[in-house]
Amino acid sequence: TLPGLDGRKMSKSYGNTIPLFAESAELKKLIMKIKTNSQAPNEPKETEGETLFQIYRAFASENEIQEMQHRYQTGIGWGEAKNSLFELLDKKLAEPRAHYQELMSQPEKIEAILREGAEKARAQATAFLERIRKTVGI
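It should be emphasised that the depicted structure is a prediction, and the values quoted were computed from it without experimental measurement.

Chemist: Would you mind going over the confidence of the model for the protein with me for this structure?
Modeler: Should pLDDT be low for a region, the predicted coordinates there are not to be read in detail. Residue-level pLDDT values for the protein average 95, and 100% of them are 70 or greater. Averaged pLDDT values over the elements of the protein bottom out at 94 in helix 5 (residues 107-136) and peak at 98 in helix 3 (residues 62-73).

Below is the structure:
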């Protein structure tokens, strides 16, 4: 479970989600809204249970996680932590976001893929139902 913008469990019903396919500007705006405590820059910070770090950890490599833990221990500022999270998410989500936008701009392609899937499923289901009818004696 990932924490949301307000620190609670991320949930659409709480209105505290970060849409993965949001444009860079919207993504940055939402990340900058994540609630943090009042610890000053240069003051060591805990990573356990900290919203920014939890989200960062879900997307980062092991080396990136260790580097961020060190930055927390040496007193990263909240603005810097938010910028680091934004840069990581924006980089990781750039390719999937582009693919999503490409698909969304071609609804006919999505419809064709869905029709093809429905035809495959129908063929399998028909054969399966015939075996069931035969077995049951209908």
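Chemist: I would appreciate a short explanation of a nonpolar patch on the surface in the present structure.
Modeler: A surface patch of nonpolar side chains, about 510 Å² in accessible area, is lined by Phe128, Leu129, Ile132, Val136 and Ile138. Here Ile132 shows up in helix 5.

Chemist: Please explain the pattern of salt bridges as it appears in this structure.
Modeler: Two side chains bearing opposite charge may form a pair once their charged atoms approach each other closely. The tally for this structure, following the rule as stated, stands at 6 salt bridges. Across the pair Glu64 and Lys91 runs a salt bridge whose closest N-O atoms are separated by 3.7 Å. In this pair, Glu64 is assigned in helix 3 and Lys91 in helix 4 (residues 78-104), connecting sequence segments 27 residues apart. A relative accessible area of 55% means that Lys91 is categorised as exposed.

Chemist: Would you mind going over helix 4 with me for this structure?
Modeler: One full turn of an α-helix is made of 3.6 residues, so residues set three or four places apart face in the same direction. Along helix 4, the sharpest kink reaches roughly 50 degrees, centred on Ala94 and followed within four residues by the proline Pro96. Every buried residue of helix 4 is accounted for by Trp78, Ala81, Lys82, Ser84, Leu85, Phe86, Leu88, Leu89, Asp90, Leu93 and Arg97. On its buried face, helix 4 is in contact with helix 1 (24-32), helix 2 (51-59) and helix 3.

Conventions and cut-offs
- Residues numbered from 1 in each chain as written.
- Predicted model: local features only at pLDDT ≥ 70, side-chain atom pairs only at ≥ 80, totals over all residues.
- Heavy atoms only, no water.
- pLDDT = per-residue confidence, 0-100.
- Helix = DSSP H or I, 4+ residues; strand = E, 2+ residues; numbered from the N terminus.
- Patch = residues over 30% accessible without salt bridge, like charges linked within 9 Å, V, L, I, M, F, W, Y side chains within 5 Å.
- Areas by Shrake-Rupley, 256 points an atom, 1.4 Å probe, with all protein chains shown as cover.
- Salt bridge = Lys/Arg side-chain N within 4 Å of Asp/Glu carboxyl O.
- Buried < 20%, exposed > 50% of the residue type's maximum accessible area, 1.4 Å probe, protein only.
- Bend = angle between axes of the 7 residues up to and from the residue.
- Contact = heavy atoms within 4.5 Å.

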